[in-house]
Amino acid sequence: GYRKGGYHAARPGDRFAGGRFVAQRKLGWGNFSTVWLAYDTLLNRFVALKIQKSARDYAQAALHEIELLSAIAKGDPTNSKNVVRLLDHFKHAGPNGQHVCLVTEFLGDSLLRLIRYNRNKGIGLSRVKEICRSVLVGLDYLHRELGIIHTDLKPENVLLVSTINPSKDPVRSGFTPILERTVTNQYSGSVISFSEKMLKMRARRAVAKISQRRVSLGGVAAEMEKDRSLDGVNLKCKIVDFGNACWGSQQLAGEIQTRQYRAPEVIIGAGYSYSADMWSFACMAFELATGEVLFAPKTCQGCSEDEDHLALMMETLGKMPKKIASSGTRSKDYFDRHGDLKRIRRLKFWPLERLLVQRYNFTEPDAQGLADFLRPILDFTPENRPTAADCLKNPWLN
Ligand code: ADP
Ligand code: MG
């Protein structure tokens, strides 16, 4: 929370980096940070300002993120690899401590929002393909050119971009940024303080306007509800949040990824590599197509979330090869010597293609196309999974 070591409580109109950046409105938050829309008064553009929690571990993580994002920017001078661009960074002293701040290009809504806008019904296969292509270009760059594993790929961490870029042109975006918390009345010369409520209202209107243009998918649910047709909108997106990312050569944490997107090798403690991102990618693609998460494990009587997760995987993808099942430091917790789960005995096999037809009403050809694309990526054997570059060559995407 907003206490010592925690989040920095910013308000619209607050200034950062010696006055250069002015906070406009909160865009989102994660476990580590709050992210604000800010106005860059030096270069007259809107940017995203990620304000990290102040405790030492968070600051460390932010510095690590800066290191990775700097390498990412350096290797992609034309900013065309679909990964968020770092523009600046600095420290900000607040009442809760020192906060490392990252300034990045301002992007649109997350894929999570996109999924919700579509009332969890899926966004249509042609749009799924467009987004998959975008994300794969980013992953291929990270994996093959830079040697970076993202380790937390999920819909929240992929943001939409539009081809229009009003952040460079605030006049065209129809919005004057908030620059001060006070204004001088030009007639009486007296100073008027904006009330907190007024500032919030202005900020909300502003973001609505910017995002309306920026991503035709709106920044506000209401806009999206009105404009249900996404036809002709070219969906592009970028990967964000490198707070947990690592170099392929030096993996730190044993447990990575957000639960639903976690690869089997991570669960059983068998180590991981770039292919763990590919697993998350496939889970995300399924979710875009159906509006529901592929694996949503729960703790059940006498079994852990991990075990339920493994059971769900096997129900959809078939039995895990014994060699793989026994290869992790935690294998013995979950599997017996035959390679069967110890506590969940009866599995109901429901393969991907059948799931898509019977539960999500896909036509046979659509289900087959998507399942044929996803199944190889969801291989229990990490080395067998296609790379991002391999996937980009898949005719299903083209
Ligand atoms: P955390 O490491 O705390 O999860 P993220 O980098 O994922 O932080 O950012 C948290 C949220 O803030 C994102 O899910 C997104 O909604 C929003 N956000 C982050 N970066 C941007 C950006 N460049 N443009 C617009 N919104 C952003
Ligand atoms: Mg995040």
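Everything quoted here is computed from the prediction, not taken from an experiment.

1. With respect to the overall build of the protein
So, step 1. Regarding its fold elements, the protein presents 13 helices and twelve strands.
So, step 2. Evaluated residue by residue, the protein yields a buried proportion of 43% over its 398 residues.
So, step 3. Considering only intrachain contacts with a sequence separation of at least 6, the fraction spanning at least 24 residues in the protein is 64%.

2. Details of the pairing of strand 3 (residues 33-40)
Looking along a regular strand, one sees the side chains alternate between the two faces of the sheet.
So, step 1. Buried residues dominate strand 3, accounting for seven of its eight residues.
So, step 2. In the sheet, strand 2 (residues 21-29) pairs with strand 3 via seven bridges, with the strands oriented antiparallel. Its bridge partner lying in strand 3, Arg25 is registered against Leu37.
So, step 3. Linking strand 2 to strand 3, which pair antiparallel, is a turn of three residues.
So, step 4. Where strand 3 lies against strand 4 (residues 45-52), eight bridges are found, and the strand directions are antiparallel. Across the sheet, Tyr39 pairs through a bridge with Phe46, a residue of strand 4.
So, step 5. Once strand 3 ends, the chain turns through four residues before running back antiparallel as strand 4, passing Asn44 with a positive phi of about 50 degrees.

3. Focus: the UniProt feature "binding site: ATP" (unreviewed entry) in the protein
So, step 1. The positions UniProt marks with the feature "binding site: ATP" (unreviewed entry) are Lys50.
So, step 2. Following the sequence through the fold, Lys50 ends up in strand 4.
So, step 3. When the 28 C-beta atoms within 10 Å are taken as the criterion, Lys50 is described as buried.
So, step 4. When residues no more than four places from it in sequence are discounted, the contact partners of Lys50 are Ser33, Val35, Cys101, Leu102 and Thr104.

4. What to know about unusual backbone geometry
So, step 1. Here Asn82, not a glycine, exhibits a phi torsion of approximately 60 degrees, which is positive.
So, step 2. Along the chain, Asn82 falls in the loop between helix 1 (56-74) and strand 5 (86-94).

5. Quick notes on the nonpolar core
So, step 1. Within the largest apolar cluster, 99 residues are counted, with the highest numbers of intra-cluster contacts made by Leu49, Ala282 and Ala285.
So, step 2. Counting residues per element, this core draws most heavily on helix 7 (residues 274-290), which supplies twelve residues.

6. Some words on the site of ligand 1
So, step 1. The environment of ligand 1 is formed by 22 residues, the closest being Gly28, Gly30, Val35, Ala48 and Asp241.
So, step 2. Elements with a contribution of two residues or more to the shell around ligand 1: strand 2, strand 3, strand 4 and strand 6 (97-105).
So, step 3. In terms of residue count, the dominant contributor to the shell around ligand 1 is strand 2 (three residues).
So, step 4. For the shell around ligand 1, the per-class residue count stands at ten nonpolar, eight polar and four charged.

7. Regarding helix 1
One turn of an α-helix holds 3.6 residues; hence residues three or four places apart share an orientation.
So, step 1. A rise of 1.5 Å per residue sets the reference length of helix 1, with its 19 residues, at 27 Å; its end C-alpha atoms lie 27 Å apart and thus fit the reference within 8%.
So, step 2. Those residues of helix 1 that sit buried are Tyr58, Ala61, Ala62, Glu65, Leu68, Leu69 and Ile72. Looking down the long axis of helix 1, one finds its buried residues gathered within 125 degrees of arc, a one-sided arrangement. What points out from helix 1, more than 90 degrees from its buried face, is the exposed set Arg56, Gln60, Ser70 and Lys74.
So, step 3. Tucked inside the fold, the buried residues of helix 1 contact strand 4, strand 5, strand 6, helix 3 (125-146) and strand 7 (148-149).

8. With respect to the environment of Ile377
So, step 1. In this structure, Ile377 sits in the loop between helix 12 (364-374) and helix 13 (388-392).
So, step 2. Separated by 283 residues in sequence, Ile377 and Gly94 place their C-alpha atoms 45 Å apart.
So, step 3. Setting aside residues up to four positions removed in sequence, Ile377 forms contacts with Met278, Trp279, Phe281, Ala282, Arg385, Pro386 and Cys391.

9. Re the environment of Gly6
So, step 1. Secondary-structure assignment places Gly6 in the segment before strand 1 (15-16).
So, step 2. Gly6 gets classed as partly exposed once you count the C-beta atoms within 10 Å, which come to 16.
So, step 3. Between the C-alpha atoms of Gly6 and Ser126, which are 120 residues apart in sequence, the distance is 42 Å.
So, step 4. Each residue touching Gly6, except ones within four places of it in the same chain, is listed here: Gly1, Lys53, Ser54 and Asn96.

10. Observations concerning the packing of helix 3 against helix 7
So, step 1. The interhelical angle for the contact between helix 3 and helix 7, taken along N-to-C directions, is 165 degrees, at an axis separation of 10 Å. What the angle tells us is that helix 3 and helix 7 run roughly antiparallel. Handedness of the crossing formed by helix 3 with helix 7: right-handed. Counted together, Leu125, Val128, Ile131, Cys132, Val135, Leu139 and His143 of helix 3 and Tyr274, Asp277, Phe281, Ala285, Leu288 and Ala289 of helix 7 form the full contact between these two elements.
So, step 2. Classifying every residue of the contact of helix 3 with helix 7 gives eleven nonpolar, one polar and one charged.

11. Looking at helix 12
So, step 1. Every buried residue of helix 12 is listed here: Ala367, Leu370, Phe373 and Leu374. Seen along its axis, helix 12 keeps its buried residues to an arc of 135 degrees; they face one direction. Facing away from the buried side of helix 12 by over 90 degrees, the exposed positions are Glu364 and Pro365.
So, step 2. Next to the buried residues of helix 12 lie helix 3, helix 7 and helix 11 (352-358).

12. Focus on the sheet that holds strand 6
So, step 1. The strand order 1-2-3-4-6-5 describes an open sheet built from six strands, whose pairing is antiparallel. The sheet terminates laterally at strand 1 and strand 5, the two strands that pair on one side only.
So, step 2. Bridge count between strand 1 and strand 2: two bridges; the pairing is antiparallel. Considered in strand 2, the bridge of Arg15 is made with Val22.

Each value, and the rule that gives it
- Residues numbered from 1 in each chain as written.
- Chains lettered and ligands numbered in written order.
- Predicted model: local features only at pLDDT ≥ 70, side-chain atom pairs only at ≥ 80, totals over all residues.
- Helix = DSSP H or I, 4+ residues; strand = E, 2+ residues; numbered from the N terminus.
- Buried ≥ 20, exposed ≤ 12 C-beta atoms within 10 Å, placed from the backbone.
- Contact = placed C-beta atoms within 7 Å.
- Pairing = 2+ DSSP bridges.
- UniProt positions renumbered as here; feature names shortened; annotations may be inferred.
- Core = buried A, V, L, I, M, F, W, Y, C linked by C-beta atoms within 7 Å.
- Near = placed C-beta within 6 Å.
- Nonpolar A, V, L, I, M, F, W, Y, C, P; charged D, E, K, R; others polar.
- Expected span 1.5 Å × (residues − 1).
- Arc of directions from axis to C-beta.
- Axes fitted to C-alpha atoms, helices over the stretch in contact; angles between N-to-C directions.
- Parallel < 35°, antiparallel > 145°, perpendicular 65-115°, else oblique.
- Left-handed = near helix turned anticlockwise from the far one by under 90°.

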